[in-house]
Structures are given as C-alpha cells and as structure tokens.
Amino acid sequence: ILAWDLETREKEVIAEGFASNDLVILNNGSIYVTDPRGQRIWHIDLETREAKTVDKFNGCNGITVSPDQSLLYVAHFPDRFIYSYQISKNGLLQHKTPYFHLHLPAFGTQSHADGMCTSAEGWLLSSTESGIQICDQPGRVNLIVPKPGFGRRVCYARLHQNTLYAATADAVWKRQVKLKA
C-alpha cells in the first residue's frame, strides 16, 4: 500500500507483504484491508506501520465502516452476506456476524458483493451482481439500483455529497440520490 504526497509527488510505503484488494481508512489513521488471495483481513496501524491479521476470511472482498466507525463491514464475494464486526480500541475485530442479507441474481448463486460505502444516515451500499443494493441499518435490502449498462458487473459504489458513483470494468456512472455521503 502506497501513499503519495500530491505536492511533492513523493511516494511512501505504508504496508507490504500481502495482496490487498479493498481498504478503508478510519479517522484515527487505522487501515483495514481485505486480502482475498491470502483469505485474510489485515489491520495496519499508521503510526507503527505494523500489519496484523485480524481475521481469516475465505471470500472476503469489499470493505467499509459504519458512519461512527465503531463497526467494520466486509463483503463475502461468493455468498449473500456482508459481515459486521465490532472494532475494539486496540484495532482488533470482535463479534463477527453475517449481518446484511443481500439478494442473489435471478440466474446465479453468488452475490459478487464488492465495493461498498455507507451514507451519513447509516445506509449501506454494496455493488453486486444484481446492481447496487442499498441496505438499512437492521440489515435489510430496501432498494436495488439496476446495473448501469447491459450485462456489466458493478465493482464499485461510492457516495460524494448527493451523487452516487458506480464503476464497471470500462466506465464510471453517476446519479443524483437523496442519500448524503
């Protein structure tokens, strides 16, 4: 994992030694990373640059946090659940629970849950094989935004202000929404 200074264009190694997929950075500087090939979730302390395995998780993929950053959410790519963890003060994860229950595509048995984010109000958005699934805080899907473009898999969903951005392999799409980033 590298960081670049935008003014000096110097790069700095934050962590290495594993295959990172998605990551989330907390306000306190802690970084959580999914490593699907290594079947692990890593925690990186920004001060010490130490990377520790905080869970072994076959199929881990997308990752994000709750708005108050007390919970970590990790997508299980081949399954229909997004797991919830409580983040302890020392950065370790506790109480792993299959929490958000996603819908599967009409013709398939895998959600392909990937890039995720949360709104300021606590809604979870996850890109999936079916489109962008929007879940309420109790873990239920309330809306599925159809995939942009025919047959493309959405691999990324992010909110910026009141705009939802979705990325496919060859395009980035945007749409105004009532949710707040």
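Conventions adopted
- Residues numbered from 1 in each chain as written.
- Predicted model: local features only at pLDDT ≥ 70, side-chain atom pairs only at ≥ 80, totals over all residues.
- Heavy atoms only, no water.
- Phe/Tyr/Trp six-rings, centres within 6.5 Å; stacked < 30°, edge-to-face > 60°.
- Helix = DSSP H or I, 4+ residues; strand = E, 2+ residues; numbered from the N terminus.
- Buried < 20%, exposed > 50% of the residue type's maximum accessible area, 1.4 Å probe, protein only.
- Pairing = 2+ DSSP bridges.
- Axes fitted to C-alpha atoms, helices over the stretch in contact; angles between N-to-C directions.
- Patch = residues over 30% accessible without salt bridge, like charges linked within 9 Å, V, L, I, M, F, W, Y side chains within 5 Å.
- Areas by Shrake-Rupley, 256 points an atom, 1.4 Å probe, with all protein chains shown as cover.
- Salt bridge = Lys/Arg side-chain N within 4 Å of Asp/Glu carboxyl O.

> Got a minute to help me understand the packing of aromatic side chains in this structure?
Both the distance between ring centres and the angle between the ring planes are used here to describe each pair of aromatic rings. On inspection of all chains with the given rule, the structure shows four aromatic pairs. Judged by centre distance (4.7 Å) and plane angle (15°), the rings of F18 and W42 are stacked. Residue F18 is found in the loop between strand 2 (11–13) and strand 3 (23–25), and its partner W42 is found in strand 5 (residues 40–44); the two are separated by 24 residues along the sequence. Comparing F18 with W42, the two get one shared label, buried. Between Y99 and F100 the ring centres are 5.0 Å apart and the planes differ by 85°, which places this aromatic pair in the edge-to-face class. Here Y99 falls in the partly exposed class, since its relative accessible area comes to 34%. A network of ring pairs unites the aromatic residues Y73, Y99 and F100 as a single cluster.

> Can you walk me through the sheet that holds strand 3 in this structure?
What the four strands build is an open sheet, ordered 3-4-5-6; its pairing is antiparallel. The open sheet is flanked by strand 3 and strand 6 (51–56), the only strands paired with a single partner. Shown here is a sheet whose adjacent strand axes are inclined to one another by a mean of 20°, direction ignored. Relative to strand 6, strand 5 runs antiparallel, the two sharing five bridges. Counted as the bridge partner of H43 is K52 from strand 6.

> Would you mind going over the pairing of strand 10 (residues 93–101) with me for this structure?
Regular strands place their side chains on alternate faces of the sheet. Sheet analysis places strand 9 (residues 81–87) next to strand 10, joined by six bridges and oriented antiparallel. By the bridge assignment, S84 is partnered in strand 10 with T97. The turn linking strand 9 back onto strand 10 is made up of five residues, and G91 within it adopts a positive phi angle of 90°.

> Is there a simple way to think about a nonpolar patch on the surface in this case?
The grouping of L2, W4 and V13 at the surface amounts to a nonpolar patch, some 300 Å² of accessible area in total. You can see V13 is positioned in strand 2. On the basis of relative accessibility, which here comes to 44%, the residue V13 falls in the partly exposed class.

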